[in-house]
Amino acid sequence: MSAPAAQHDVFHAIADPTRRSVLKLLAGRDMPIFAISENFPLSRTAVNKHLHILTDAGLVSRQRVGRETRYRLEPEPLAELRDWLSFFNVYWDDKLSLLTTFVESNSNPAAPEE
């Protein structure tokens, strides 16, 4: 049986700064919603909505442990972002190369005299 299709895409999911912060928070550890909520000036309901979007995009998984639900980062979908951004590396490399050339051609190795 195949996995269900994501309801939200990864780009939409990371568009919100709170959701990006949640992903960083979950890096390397599982957390229940109350512990996640303590890190934000938002209601638990608002944090829960963000977690649902991240879950729907496949960036976060949830598992019931006793009476609580624990959330975990699932970084694999971030490869889509990496692949998309890597297309633009050549443009960034060109700009950095031009900047380096400009800085090197305009630098004066002699210290200014006082």
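Now for a description of the structure that goes with this document. (Residues numbered from 1 in each chain as written. Predicted model: local features only at pLDDT ≥ 70, side-chain atom pairs only at ≥ 80, totals over all residues. Heavy atoms only, no water.)

## A closer look at the sheet that holds strand β1 (residues 31-32)
Quick note on the threshold: Pairs of strands are assigned from DSSP output, requiring at least two bridges between the strands. Working definition: helices are DSSP H or I runs of at least four residues, strands are E runs of at least two. Numbering for both runs from the N terminus. Should any heavy atoms of two residues lie within 4.5 Å, those residues are considered in contact. Angles run from 0 to 180 degrees between N-to-C directions of axes, and those axes are lines fitted to C-alpha atoms, restricted for helices to the stretch in contact.
The strand order β1-β3-β2 describes an open sheet built from three strands, whose pairing is antiparallel. Each edge of the open sheet is held by one strand with a lone partner, namely β1 and β2 (60-65). Strands in contact with helix α2 (residues 17-26) are β1, β2 and β3 (68-73); relative to β3, the strand with the most contacts, it is inclined by about 95°. Seen against the sheet, helix α4 (residues 44-56) touches β2 and β3 and runs at an angle of roughly 115° to β2.

## Quick look at the side chain of Arg19
Applied cut-off: The cut-offs for exposure are 20% and 50% of the maximum accessible area for each residue type, with area from a 1.4 Å probe on protein chains only; residues under the lower value are buried, those over the upper are exposed, and the others partly exposed. Two residue types count as positive, namely Lys and Arg, and two as negative, namely Asp and Glu; His and chain ends fall outside the count. A pair is scored as a salt bridge if a Lys or Arg side-chain nitrogen falls within 4 Å of a carboxyl oxygen belonging to Asp or Glu. We call two N or O atoms a polar contact when they sit within 3.5 Å, provided that within protein one can donate a hydrogen and the other can accept it, with sequence-adjacent residues counted only if both atoms are side-chain atoms.
Turning to its location among the elements, Arg19 is positioned in helix α2. Among buried charged residues, Arg19 stands out as having no salt bridge; its nearest opposite-charge side chain is Asp16, 4.4 Å away. Here the side chain of Arg19 touches His12 through a polar contact of 3.3 Å, landing on its backbone oxygen. Contacts of Arg19, omitting those with residues within four sequence positions, involve His12, Ala13, His50, Ile53 and Leu54.

## Remarks on the packing of aromatic side chains
Rules: Any two of the Phe, Tyr and Trp rings considered here, Trp counted by its six-membered ring, make a pair once their centres fall within 6.5 Å; the pair's planes then place it as stacked at under 30 degrees, edge-to-face at over 60, or tilted in between.
Summed over all chains, the structure comprises one aromatic pair. A centroid spacing of 5.7 Å and a plane angle of 75° characterise the contact between Phe11 and Trp84, whose relative ring orientation is edge-to-face. Here Trp84 lies in helix α5 (residues 78-86) and Phe11 lies in helix α1 (residues 10-14), a separation of 73 residues in the sequence. Phe11 sits in the partly exposed class, given a relative accessible area of 30%. In this structure Trp84 comes out as partly exposed when scored by relative accessible area, which is 48%.

## Topic: the nonpolar core
Quick note on the threshold: Take the buried residues of types Ala, Val, Leu, Ile, Met, Phe, Trp, Tyr and Cys, join any two whose side-chain atoms come within 4.5 Å, and each joined set is a nonpolar core.
Counting 21 residues, the largest nonpolar core has Leu26, Ile36 and Leu51 as the members making the most contacts within it. Those residues in contact with Leu51, other than ones at most four positions away along the chain, are Val22, Ile33, Ile36, Val60 and Tyr71.

## Side note on the pattern of salt bridges
Scanning the entire structure with this criterion turns up three salt bridges. Linking Asp30 and Arg72 is a salt bridge whose minimum nitrogen-to-oxygen distance equals 2.7 Å. On the criterion of sequence distance, the pair formed by Asp30 in the loop between α2 and β1 and Arg72 in strand β3 is long-range, its members being 42 residues apart. On the basis of relative accessible area, Asp30 is assigned to the partly exposed category, the value being 28%. On the basis of relative accessibility, which here comes to 40%, the residue Arg72 falls in the partly exposed class.

## A few points about the environment of Phe11
Taking the C-alpha atoms as reference, Phe11 lies 8.9 Å from Ala57; in sequence the two are 46 residues apart. Each residue touching Phe11, except ones within four places of it in the same chain, is listed here: Glu80, Leu81 and Trp84.

## A short note on the pairing of β3
Strand direction decides the pairing type here: β1 and β3, joined by two bridges, are antiparallel. When the bridges of β3 are listed, Pro32 appears paired with Arg70. The pairing of β2 with β3 spans six bridges and is antiparallel. If you follow Arg64 over to β3, its bridge partner there is Thr69. The antiparallel pairing of β2 with β3 creates a hairpin that spans two residues between the two strands, and Gly66 there sits at a positive phi of about 65°.

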